[in-house]
Number of protein chains: 2
Amino acid sequence: MTEASGDVAQRFLYLEDLHVGQRSTTRTHTLDESQIVSFASQFDPQAFHLDAAAARDTVFGGLVASGWHTASITMRLLVTEGLPIAGGLVGRAAEVSWPRPTRPGDALRVESEVLEITPSRSSPDRGIVKVRSETRNQRDEVVQILVATMVVPRRPGAREG
Amino acid sequence: MTEASGDVAQRFLYLEDLHVGQRSTTRTHTLDESQIVSFASQFDPQAFHLDAAAARDTVFGGLVASGWHTASITMRLLVTEGLPIAGGLVGRAAEVSWPRPTRPGDALRVESEVLEITPSRSSPDRGIVKVRSETRNQRDEVVQILVATMVVPRRPGAREG
């Protein structure tokens, strides 16, 4: 992901190519029980993420995905099908909330919107972009809201001008 | 993770057992290149997370872990060695930032502090607790700051009183 030029550059979006209100939507990713348990075994080993029977007696009343799993699936969808930012999706910070849990069988998609674009004062070759991404399930319910602060390069030509 | 009683209850912390300024520290988890690449292949397939050679030409100058990987490892350390909250660690929202990248060989630990404790008005059996967790590497540099908003149950006896 070095600075692209020519035809290749046309495929990536630089700071100048973004505008507030710009939207994108990904395809869906369907979660099953084995994915939920596999992620949780590695990163969030709690009863409500590991075992459907044990999860019935918890606050969730059944197996749910780790919020960090939902966040990671969201990142996967954004990387492979979200806005093709030049240099990649480089996050500096994020605010994330999980208004409702993700359960086995949920088909998740991500809908994003550019909220703010701020050219950097200290680094004239880049800017900071805030993007809000809602992760929705097959019933169109929002399972995660992510507001990510990303570093986005300016187009190389613009830099020299 | 149902409501515990007797001896078992003593092992878990309820809302009444927490206080602002309460701290905890985990052991370390050492990341290697294969863990970084394995996570990224599933959830964040970008050059700077996937391939050490290709990563040299990116903004990071070498292989770095996905921020969501750092967040997931932090969760693992908090679940297994952080504050043993009754009913488990149930996050409603989180603010996360990554002041510097995590690289292969980094040994991460998490230092947490309770920031705020707010009994719920609508649900008298629980409260909302904000916990700040710094993830630090072997040079004591902060690689992630997480402020998590969690739901914590009140002690069952207190509820009835």
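Everything discussed here concerns the structure shown above.
Before going into details, it helps to say that this report is about the structure given with it.

What counts and how
Along each chain, the written sequence defines residue order, and numbers are assigned to residues from 1. Chains carry letters and ligands carry numbers; both start at the beginning, A for chains and 1 for ligands, and go up in the order they are written. Owing to the predicted nature of the model, reporting of local features is limited to residues with pLDDT of at least 70; listing and counting of side-chain atom pairs is limited to 80 or more, with chain, interface and lining totals taken over all residues. Computation of side-chain values: all heavy atoms of the structure, hydrogens and water removed. Strands are runs of DSSP state E lasting at least 2 residues, helices are runs of H or I lasting at least 4, and numbering of each runs from the N terminus. Working definition: with a 1.4 Å probe on protein chains only, accessible area under 20% of the residue-type maximum means buried, over 50% means exposed, and in between means partly exposed. His residues and chain termini do not enter the charge count, which takes Lys and Arg as positive and Asp and Glu as negative. Charge positions are represented by NZ for Lys, CZ for Arg, CG for Asp and CD for Glu. Here, a salt bridge means any Lys or Arg side-chain nitrogen found within 4 Å of an Asp or Glu carboxyl oxygen. Our superposition of the copies is a least-squares fit, built on the C-alpha atoms of residues whose pLDDT is at least 70 in both. Any pair of residues with heavy atoms lying within 4.5 Å of one another is described as a contacting pair. Lines fitted to C-alpha atoms define the axes, with helix axes restricted to the stretch in contact, and inter-axis angles between N-to-C directions lie between 0 and 180 degrees. Angles are sorted into four bins: roughly parallel if under 35 degrees, roughly antiparallel if over 145, roughly perpendicular if 65 to 115, and oblique for all others. Here the term charged refers only to Asp, Glu, Lys and Arg, the term nonpolar to Ala, Val, Leu, Ile, Met, Phe, Trp, Tyr, Cys and Pro, and the term polar to all other amino acids, Gly among them. For any pair of parts, buried area is found by adding up, for both, the accessible area (1.4 Å probe) each one loses once the two are put together. As used in this structure description, the phrase polar contact means that two N or O atoms lie within 3.5 Å; if the pair is within protein, one of them must be able to donate a hydrogen and the other to accept it, and residues adjacent in sequence are counted only when both atoms belong to side chains. At least two DSSP bridges between two strands are required for those strands to pair. Arc definition: directions from the helix axis to the C-beta atoms. Pairs were defined over the aromatic rings of Phe, Tyr and Trp, the Trp ring being its six-membered one, requiring ring centres within 6.5 Å. Orientation was assigned from the angle between planes: stacked under 30 degrees, edge-to-face over 60, tilted for the rest.

A look at the overall build of chain A
In terms of helices and strands, chain A carries 6 helices and 6 strands. Its helices and strands taken in sequence order, chain A reads α-β-β-α-α-α-α-β-β-β-β-α from the N to the C terminus. Out of the 161 residues in chain A, the part that is buried amounts to 47%. Each charge class in chain A can be summarised by its mean position, and for the 18 positive and 20 negative side chains these summaries are 3 Å apart.

Quick look at the pattern of salt bridges
Close approach of charged atoms lets side chains of opposite charge pair. If you walk through the whole model with that rule in mind, you get 24 salt bridges over all chains. Notably, a salt bridge pairs Arg-126 of chain B with Asp-125 of chain B, separated by 3.2 Å at the nearest N-O pair. For Arg-126 of chain B, a relative accessible area of 28% corresponds to the partly exposed category. Residue classification places Asp-125 of chain B among the partly exposed residues on the basis of a relative accessible area of 23%. By sharing partners, the salt bridges in this structure join Arg-109, Glu-111, Arg-132, Glu-134, Arg-136 and Asp-140 of chain A into a single network.

What to know about the relation of the copies chain A and chain B
Superposing chain A onto chain B takes a rotation of 180° plus a shift of 0.0 Å along the axis, which leaves an RMSD of 0.0 Å. Such a combination of rotation and displacement between the chain copies is what one expects of a two-fold axis. When C-alpha distances to the rotation axis are compared across chain A, the minimum falls at Glu-95 of chain A, with a value of 2.2 Å. Residue by residue, 97% of the interface of chain A is reproduced at the interface of chain B, so both copies engage with the same surface.

Points about the packing of helix 2 (residues 33-43) of chain B against helix 5 (residues 67-81) of chain B
Residue and element names in this part refer to chain B. Axis separation between helix 2 and helix 5 bottoms out at 10 Å; the angle between their running directions is 110°. With respect to helix 5, the axis of helix 2 lies roughly perpendicular. The segment helix 2 lies against helix 5, with Gln-35, Ile-36 and Phe-39 engaging Trp-68, His-69 and Ser-72. Classifying every residue of the contact of helix 2 with helix 5 gives 3 nonpolar, 3 polar and no charged.

A word on the interface of chain A and chain B
Each side of the interface is counted separately: chain A has 37 residues, and chain B has 36 residues. Of the roughly 3,000 Å² buried between chain A and chain B on both sides combined, carbon and sulfur atoms contribute 66%. One can count 12 residue pairs in polar contact (both at pLDDT 80 or more) joining chain A with chain B. If you list the elements that add at least two residues to the side of chain A that touches chain B, you get helix 2 (33-43), helix 3 (47-50), helix 5 (67-81) and strand 3 (90-97) of chain A. The element that contributes the greatest number of residues to the side of chain A that touches chain B is helix 5 of chain A, accounting for 9 residues. With 5 bridges connecting them, strand 3 of chain A and strand 3 (residues 90-97) of chain B associate as antiparallel partners.

Quick notes on helix 2 of chain A
Among all positions of helix 2 of chain A, only Ile-36, Phe-39, Ala-40 and Phe-43 of chain A are buried. When helix 2 of chain A is viewed along its axis, its buried side chains cluster within an angular range of 95° and face the same direction. Contacts from the buried residues of helix 2 of chain A go to helix 3 and helix 5 of chain A together with helix 2 and helix 5 of chain B.

Considerations on the environment of Val-110 of chain B
Residue and element names in this part refer to chain B. Checked against the element boundaries, Val-110 lands in strand 4 (residues 107-119). Spatially, the C-alpha atom of Val-110 lies 27 Å from that of Ala-55, the residues being 55 residues apart in sequence. With residues up to four places along the chain from it excluded, the contact list for Val-110 reads Ser-24, Thr-25, Thr-26, Thr-74, Leu-77, Leu-78, Ser-133, Glu-134 and Thr-135.

Concerning the pairing of strand 6 (residues 142-153) of chain B
Residues and elements named next belong to chain B. The element strand 6 is largely enclosed, with a buried count of 10 among its 12 residues. Bridging between strand 3 and strand 6 involves 7 bridges; their strand directions are antiparallel. In the sheet register, Val-90 faces strand 6, and the bridge partner there is Val-151. One ladder, built from 11 bridges, connects strand 5 (residues 126-136) with strand 6; its direction is antiparallel. Residue pairing across strands places Ile-128 opposite Val-151, the latter belonging to strand 6.

Things to note about the packing of aromatic side chains
Residue and element names in this part refer to chain A. Going through the model one piece at a time under the given rule, you end up with 9 aromatic pairs over all chains. With centroids separated by 5.1 Å and ring planes inclined at 50°, the aromatic side chains of Phe-39 and Phe-43 adopt a geometry described as tilted. Of this pair, Phe-39 and Phe-43 are both found in helix 2, 4 residues apart, which corresponds to roughly one turn of the helix. Judged on exposure class, the residue Phe-39 and its partner Phe-43 are both buried. Using a relative accessible area of 3% as the deciding quantity, one classes Phe-39 as buried.

Considerations on the side chain of Asp-44 of chain B
With respect to the secondary-structure elements, Asp-44 of chain B resides in the loop between helix 2 and helix 3 (47-50). It is Arg-76 of chain A that comes nearest to the buried, bridge-free Asp-44 of chain B among opposite-charge side chains, at 8.7 Å. At a separation of 3.3 Å, a polar atom in the side chain of Asp-44 of chain B contacts the side chain of His-49 of chain B. Discounting chain neighbours no more than four positions away, the residues touching Asp-44 of chain B are Met-75 and Val-79 of chain A together with Phe-39, His-49, Ser-66 and Trp-68 of chain B.

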